[in-house]
Amino acid sequence: MIDKNTTKPLVLVDGSSYLFRAFHALPPLINSHGEPTGAIHGVLNMLDKLRKDYDPDHMAVIFDAKGKTFRNDLYPEYKATRPPMPDDLRIQIEPLLDIIKAQGYPLIIESYVEADDVIGTMSKLYDGNVIISTGDKDMAQLVNEQVSLINTMSNTFHDIEGVKEKYGVAPNRIKDYLALMGDKVDNIPGVPKVGPKTAVKWLAQYDTLENVMKCADEFKGKVGEYLRESLKFLPLSYELVTIKCDLDIDCSPNTLAFNPQDTKRLAELYERYGLRGRLAKLGNISNSGNDEGTQAPVSTDIKTDYQTILSQDDFDKWLKQLETADLIAFDTETTSLNYMDARIVGVSFCIEAGTAAYLPLAHDYLGVPEQLDRDKALHLLKPLLENPAIKKVGQNLKYDRSVLLNHGIELQGIEHDTMLESYVLNSTASRHDMDTLCDRYLGHKNIAFTEIAGKGKKQLTFNQIELEKASPYAAEDADMTLRLHQFFWPQLEKLADQAKLYRDVELPLLSVLSSIERNGVQVDAELLATQSTELAEQMKTIEADCYELAGEEFTLNSPMQLQKILFEKLEIPVLRKTPKGQPSTAEDVLVELSHEYPLPQLILAYRSMTKLKSTYTDKLPKLINETTKRIHTSYHQAVTATGRLSSADPNLQNIPIRKKEGRRIRQAFIPEAGYKMLAADYSQIELRIMAHLSADKGLLDAFAEGRDIHTATAAEVFETAVDQVTIDQRRNAKAINFGLIYGMSAFGLAKQLNISRTEAKDYVDLYFARYPGVQDYMDRTREQAKEQGYVETLFGRRLYLPDINARNAQRRKYAERTAINAPMQGTAADIIKKAMISVNDYLLESKVDAQMIMQVHDELVFEIKEETLQNFSMEIKQHMENAATLDVPLIVEIGHGNNWDEAH
C-alpha cells in the first residue's frame, strides 16, 4: 500500500463512477430554484476528502464523454440494456463540471473512449505513485506496485494484495475474471451461470482465460456446455473489459496541477446551486478573484456574532426580540445527558443566522462571572417557551422538552426539529446528530464538546466549563440549528408526501414519546434479583453438563477454548471460518450444529441465560430512578432506516418472549397498586400491509373473511382443506409468509425448516402460484427501486437504496430484499406512530386515569385504573384500528393483567 504520508501521488478521479454513486447515496437535495443538487454535493465532498487525505501536487477529474465509444464499434450491443440516465442526474452534470473547473481541478473528457481508458493511460504515463479514486471494479486491472485504488464512499483501499483479497485473483487476471463473468449492466456477454466463485476457481486451476478456453473440453456438466457455447464470444468480452492504456492525449500527468480558483465564478455557482457552506468558506471575494495567481482564502469559519448575556438589560433586549421573532432556534445546556436527571446550566437562542446568544445560569467554577438567577430567568422565559404562537426550532427537542419539564416549563410551539427534518429527507444518508449534519451539509466543523470539556474520567460537566469556552459552543448550537433548518426545510417542503409525514407524524410524535419516557414503568426489583439467582444456578448446571460432554473444564464464553473443544477434541465438522481463518462459533453456526450435537445446544442455552442475566435481571434494578422509582428508557426517533422506533438505556424492544426465561422478565414489569397493565398489539400487521400493497385476491379474501392467514396459506400451498391442515403445515406456511416479507431465499427457508433446498424452493414456487399478486408486487418494487433509487411507505416515508444497482451481487441482492421489506416494515412503523398520536390525544381529552408507558414494535403498553379497564380497552382498540385505512381490516388484540407478561 502506498504510504500517503510520505509520498505525494498523482490522484486520478473517476468522476463518472462517483457521479452515479453520489446520486443514489444522497437525498434528493434541491436548491431554491427547485433544481436537484444531491450528486453535486456528493462529488464535491468526495473531492474535498481526497485533497485532504493525500494533498496531491497533481490531480485530475475524468468524466465519460457523451456519445458512443470504440467499444460500440466492436460490439453494437455494448451498454444497450442500460436504462437512460435519470433526468434529475443529467441536469446536474453541467453545473458540476463548471464548479469543478472553477475550483481549479484539471478536468479531462475525451470523446470516443471512456473515463477508464483516460485513467489507464495517465496511470501508465506517470513516473511515480498513482491513486485512482473509483467505485468501478474494472479499474482493479490497473493496480500494480505504483498504482492503487481508493473508494472514498466506502473508505476502502486496494493495492495488489487488496485486489487479491477482494476478488480472489491478482490484478493481472482481473480482465480474465471479468470476461468469464460478463457484465449485465454493460451488456457484456460472459459464460452463463459463472459468477465470482466459479471464475476464481477456474483461474486458480488454469491461470488464464486463454487456458480455460483451450481446456474447455475438460469441463463437465451443464457449466461445461455453457463454456463451450461461449467460446465464440469470450475473446470479444475480454477486449471489451480491457482498459486501453495507450491513448494519444494532449496533456501529460505532470501538467495536471491545480489552477487558481475562479472565486468570482465559484461564488455565482455556489449561490445558484444552494451550496451555502462552500459559499461561506470563500470568505471575502474580490472582483479580481479570477486573476492569475490569486486564490481566495479557504476557511472553516462562518462569520458570527455570538453574545453572552450576563446583565438584565441585555436579557430584556433579547426577550423583546424573541417575542416578535418569526422563528426561534433554541437549545439547552445541562448537567447530564439523562433527561430525567438533567438540570439547566444555560440556554441559547438564535433568530438570524450568524447572530446568537448564550444565557448562562448555573456555571459554578471558581471565579465564574456573576450570572442572572436561574429561577428568575426561567420564570421570565416560561411564557415565551410555553406560548404555542411563538414558533421554535431545535435539534432533538424531545430532550430539551424533558429538561424544561424538570423546571416546570411545558415547551410549546415546536415548529421544527432539524434532526427529524434530516431523518425524513433521507434516513440512511448519514447520522442525524448536529455535528454530522453541519459537517455534511453546511461544510462546517462545530466546536467539539471534548475541545472545551476534555475527555475520559476528567471530562468536565457543562456547569464547570469557563464561559469563554462555553458561550461560543452553546451559541453555535443555536446558530447551526437555524442554518440547518434553512437548509433542510426548503427541500422537504417541495416533497409533499414527505413534508406531510414530517408535519403530521414525526413532529407531533416528539412530545408523545417524551411523555411516555417520563411516565416510565415500574419493575419489581426483588423478583428480578430472585430471577438472577435462579439463572445463575441454571448456568452452573449447564456448565457442569458441558464439562461432562467435553471431558474437561473450559471457559464457555471463550471462543478460542470452545473452538478447541468442538472442532479438535470432539472433531465436530467445521461449518464456517472467521475472517482470520478460525472455525466459527457464531450463534447461527451453533444453531445448525445443535440439530445433531448436544454440546452446541447447551452452549446456546448458556449464552442466552448469560445475556438475560447481564442485560436485564442484573441491570434493570440499577436503572430505577431514585425520584420516580421507575425505569425510564429513551426512544430513538431518528435511528432506524425504516422509521421504526428503537429504545435504549434500557432497550425494552429486545426482551425475548419466545422462551419462558424471557417471558419471566416481563413478569417483573408491574403497575402501581390499584392499576392494571394493558397491552394492545397489532395482529400480523406486516402481512396485512403485504396484502394491501400486493392487492393479491387470495390474501385480501383471507383477511377480509377473518381466516387464520397461516392456516389459509397452508391450505393453498399444500392443496388441502382448511380443517385438514396439520400443525407442521401451518408452521411451514408461517415461515414462508414471514420469510418472504424479509426477503428470505429458498436456501434460508430450507435452513429454518430443516428441509432440502429443493423442497423449500417448491414451497416458495407453490406460494407464488397461489398468490401471484405477491410475486408481481415484489418484481414491480425491485424495478421501481432500480429506476428511482428509493422505495416509499404508504405514507410517503422514503428509504434510499444506494446499492440497488451495485455491480457487487451481494450488496445488490441485499438492497433488493430491503426494497421489498421496507415499504411493509416502514408502513407498520408509520401506522403505530399515528396510533400513538391518536391515543395520546384521547388520553389528554378524556382525562381517563391511564398513561402510555411503553412502545415495543407493534405493541403499546398502558397503566390503567382497574375500574375503567373495560371502556378504556374498547377506546384503545378503536383508536389503533382506525389509525390507517387499508384494503384489509387492521386488528388489535388487547390483553391485561397484573404484569406485562399477563397482559401480553
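Residues numbered from 1 in each chain as written. Predicted model: local features only at pLDDT ≥ 70, side-chain atom pairs only at ≥ 80, totals over all residues. Heavy atoms only, no water.

Chemist: I keep staring at the pairing of strand E5 (residues 147–151) and nothing clicks. Help me out?
Modeler: The side chains of a regular strand alternate, residue by residue, between the two faces of the sheet. In terms of burial, E5 is largely enclosed, as 5 of its 5 residues are buried. The two faces of E5 match: Val147, Leu149 and Asn151 on one face and Ser148 and Ile150 on the other face are all buried. Summarising the sheet, strand E4 (residues 130–133) and E5 pair through 4 bridges and their orientation is parallel. What sits directly across from Ile132, in E5, is Leu149. In this sheet, strand E6 (residues 156–158) lies alongside E5 in antiparallel orientation, the contact comprising 3 bridges. Pairing of Ile150 across the sheet is with Phe157, part of E6. (Buried < 20%, exposed > 50% of the residue type's maximum accessible area, 1.4 Å probe, protein only. Helix = DSSP H or I, 4+ residues; strand = E, 2+ residues; numbered from the N terminus. Pairing = 2+ DSSP bridges.)

Chemist: Any chance you could explain the confidence of the model for the protein chain here in plain terms?
Modeler: Low-pLDDT portions of the prediction should not be read for the details of their coordinates. On average, residues of the protein chain score 89 in pLDDT, and 96% of them are at 70 or above. Under a pLDDT of 50 for its full length, residues 1–6 has, in the predicted model, 11 contacts with residues more than four places off or in other chains. Here residues 284–301 scores under 50 on pLDDT; set against residues more than four positions off or in separate chains, the count is 27 contacts. (pLDDT = per-residue confidence, 0-100. Contact = heavy atoms within 4.5 Å.)

Chemist: Mind showing me how you'd approach the packing of aromatic side chains here?
Modeler: Centre distance and the angle of the planes are the two values used to describe a pair of aromatic rings. This structure, assessed with the given rule, holds 22 aromatic pairs. Here the aromatic cluster, defined as three or more aromatic residues joined through ring pairs, consists of Tyr358, Phe449, Phe462 and Tyr473. When the ring centre of Tyr273 is taken as reference, the NZ or CZ atom of Arg272 above it lies at 5.1 Å. (Phe/Tyr/Trp six-rings, centres within 6.5 Å; stacked < 30°, edge-to-face > 60°. Lys NZ or Arg CZ within 6 Å of the ring centre and 35° of its normal.)

Chemist: What should I look at first to understand the pattern of salt bridges in this one?
Modeler: Pairing of side chains with opposite charge becomes possible as their charged atoms draw close. As enumerated under the stated definition, the model contains 49 salt bridges in all. A salt bridge links Asp830 to Arg797, with the shortest nitrogen-to-oxygen separation between them at 2.8 Å. Taken together, the residues Asp830 in helix H34 (residues 809–846) and Arg797 in the loop between strand E18 (790–792) and strand E19 (798–800) connect sequence positions 33 residues apart. Here Asp830 matches Arg797 in class, with each residue buried. Salt bridges here are not isolated pairs; linked through shared partners, they connect Arg71, Lys79, Glu114 and Asp117. (Salt bridge = Lys/Arg side-chain N within 4 Å of Asp/Glu carboxyl O.)

Chemist: Even after reading the chapter, I still don't get the state of the cysteines, so can you show me in this structure?
Modeler: Simply put, the disulfide is a covalent bond whose two ends are the sulfur atoms of two cysteines. What the rule picks out here adds up to 0 disulfides. The thiol of Cys245 is not disulfide-bonded; the next cysteine sulfur, from Cys251, is found 15 Å away. On the basis of relative accessibility, which here comes to 25%, the residue Cys245 falls in the partly exposed class. For Cys350, which is in no disulfide, the shortest distance to another cysteine sulfur is to Cys438 and amounts to 12 Å. Taking relative accessible area as the criterion, Cys350 reaches 0% and is therefore assigned buried. (Disulfide = S-S within 2.5 Å.)

Chemist: Help me out: how do you make sense of helix H7 (residues 174–181) in this one?
Modeler: Because an α-helix packs 3.6 residues into every turn, residues spaced three or four apart end up facing the same way. Burial runs high along H7: 7 of the 8 residues are buried. Of all the positions in H7, only Ile174, Asp176, Tyr177, Leu178, Ala179, Leu180 and Met181 are classed as buried. Buried residues belonging to H7 abut helix H6 (160–167), helix H8 (196–206), helix H9 (209–214) and helix H11 (234–241). In the stretch just after H7, Gly182 is the one whose phi turns positive, near 70 degrees.

Chemist: Looking at this structure, I do not really get the sheet that holds strand E22 (residues 892–897). What am I missing?
Modeler: Strand pairing in a sheet relies on backbone hydrogen bonds, with the paired strands running either antiparallel or parallel. Strand order in this open sheet of 4 strands is E20-E21-E17-E22, and the pairing throughout is antiparallel. Two strands lie at the open edges of the sheet, namely strand E20 (850–856) and E22, each paired on one side alone. Recorded for the sheet is a direction-independent mean angle of 20 degrees between the axes of neighbouring strands. Pairing geometry for E20 and strand E21 (residues 859–865), over 6 bridges, is antiparallel. When the bridges of E21 are listed, Gln855 appears paired with Leu860. (Axes fitted to C-alpha atoms, helices over the stretch in contact; angles between N-to-C directions.)

Chemist: Can you help me understand the pairing of strand E1 (residues 10–14) in this one?
Modeler: The buried fraction of E1 amounts to 5 of the 5 residues, a majority that puts the element mostly inside the structure. Alternating positions in E1 separate into two faces, Leu10, Leu12 and Asp14 on one and Val11 and Val13 on the other, with burial throughout. Across 4 bridges, the pairing between E1 and E4 is parallel. Note that in E4 the partner of Val13 across the bridge is Ser133. In terms of strand pairing, E1 meets strand E2 (residues 58–62) through 5 bridges, oriented parallel.

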